[in-house]
Amino acid sequence: RYGCWVVAADHPSYLMRGKTELLPVLQFAFQRALEIADKGLVLDNPKIGTDYLLNPTLNEIQRWVDEFELYAAAHPDTLLSYDIETPHKKNADEADLEKDEDDYVILQVAFSYKPNHGLSVPWNAETLPQIARIFASTCDKVGWNNMAFDDPRIMTQIPIHGDRYDAMQMWH
């Protein structure tokens with residue numbers, strides 16, 4: 001409407017009261033504001049939707065898994081991210097979920113092994129063999145709160161191979 005942009009950062013006086021660890025944020029904001037003033041605002045335009053399979057057919061799932069296995073074989077440093085959805089997780093913050101929640105029903109699982117490329121499938125008898133193939137890969141795997149929540153639920157039904165990392169634990 002006004003043709004101007006706001007780049008948010010903490011006020012300098014706040015930083016001068018001992019919050020010096022936030023100085024790089026202010027520096028970045030100034031740098032970004034100068035860049036926008038010089039070149040205009042350029043927003044990232046990721047290719048959304050073209051490589052995301054949401055509730056695909058069984059044939060599409062199999063093709064995705066075949067492609068993943070070939071990619072992982074050719075790239076030993078492949079990192080597979082995954083996340084499950086349960087009835088309890090729908091309206092909860094993952095950080096508040098407990099390991100011993102009695103909800104072991106898995107509704108959905110999502111995977112990604114490269115940017116803008118993902119698969120989300122229902123967790124059911126038809127899709128479980130392909131899901132098991134993905135988790136059978138020995139590539140490293142990463143989730144969010146997976147050690148405490150996702151992995152115990154997954155491993156009641158299928159094993160997870162390869163090294164596993166919990167990004168929430170790594171964050172802290």
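No experiment lies behind these values; they were computed from the predicted model shown. (Residues numbered from 1 in each chain as written. Predicted model: local features only at pLDDT ≥ 70, side-chain atom pairs only at ≥ 80, totals over all residues. Heavy atoms only, no water.)

Colleague: When you look at the environment of isoleucine 84 in this model, what are you seeing that I'm missing?
Modeller: As for its position among the elements, isoleucine 84 is in strand E2 (residues 79-85). The class of isoleucine 84 is buried, set by a relative accessible area of 0%. A sequence separation of 67 residues divides isoleucine 84 from aspartate 151, and the C-alpha atoms of the two residues are 9.1 Å apart. (Helix = DSSP H or I, 4+ residues; strand = E, 2+ residues; numbered from the N terminus. Buried < 20%, exposed > 50% of the residue type's maximum accessible area, 1.4 Å probe, protein only.)

Colleague: Even after reading the chapter, I still don't get the pattern of salt bridges, so can you show me in this structure?
Modeller: Oppositely charged side chains can pair when the atoms bearing their charge come close. Applying the stated criterion across every chain, the model contains five salt bridges. One salt bridge connects lysine 114 with glutamate 67, and the closest N-O pair in it is separated by 3.8 Å. Remark: glutamate 67 occurs in helix H3 (residues 58-74) and lysine 114 occurs in strand E3 (residues 108-114); sequence separation between them is 47 residues. For arginine 164, the salt bridge identified is with aspartate 151, shortest N-O distance 2.5 Å. Taken together, the residues arginine 164 in strand E6 (residues 164-166) and aspartate 151 in helix H5 (residues 146-154) connect sequence positions 13 residues apart. For arginine 164, a relative accessible area of 28% gives the class partly exposed. (Salt bridge = Lys/Arg side-chain N within 4 Å of Asp/Glu carboxyl O.)

Colleague: What is the right way to read unusual backbone geometry from this model?
Modeller: The bulk of non-glycine residues show a negative phi, and the bulk of peptide bonds are trans. We note that asparagine 116 has phi near 55 degrees; this positive angle belongs to a residue other than glycine. Even without being a glycine, asparagine 145 presents a positive backbone phi close to 65 degrees. Position of asparagine 145 among the secondary structure elements: in the loop between strand E5 (140-143) and H5.

Colleague: Help me understand the packing of aromatic side chains in this model?
Modeller: The geometry of an aromatic ring pair is captured by the separation of the ring centres together with the interplanar angle, meaning the angle of the planes. What the rule picks out here adds up to seven aromatic pairs. On the numbers, 6.1 Å between centres and 15 degrees between planes, the contact of tryptophan 64 with phenylalanine 68 is stacked. Of the two residues, tryptophan 64 and phenylalanine 68 both sit in helix H3, four residues apart, roughly one turn of that helix. In this structure tryptophan 64 comes out as buried when scored by relative accessible area, which is 3%. (Phe/Tyr/Trp six-rings, centres within 6.5 Å; stacked < 30°, edge-to-face > 60°.)

Colleague: Explain helix H2 (residues 23-39) to me, please; I cannot follow it from the model alone.
Modeller: When the terminal C-alpha atoms of H2 are compared, their 24 Å separation across 17 residues agrees well with the 24 Å that a helix rising 1.5 Å per residue should span. Those residues of H2 lying buried are Leu26, Ala29, Arg32 and Ile36. An end-on view of H2 places all buried positions within 125 degrees of arc, on one side of the element. Structural note: H2 exposes Phe30, Gln31, Leu34, Asp38 and Lys39 on the side pointing more than 90 degrees away from its buried face. Buried residues in H2 make contact with helix H1 (12-15). One or two positions beyond H2, positive phi appears at glycine 40, with a value near 85 degrees. (Expected span 1.5 Å × (residues − 1). Arc of directions from axis to C-beta. Contact = heavy atoms within 4.5 Å.)

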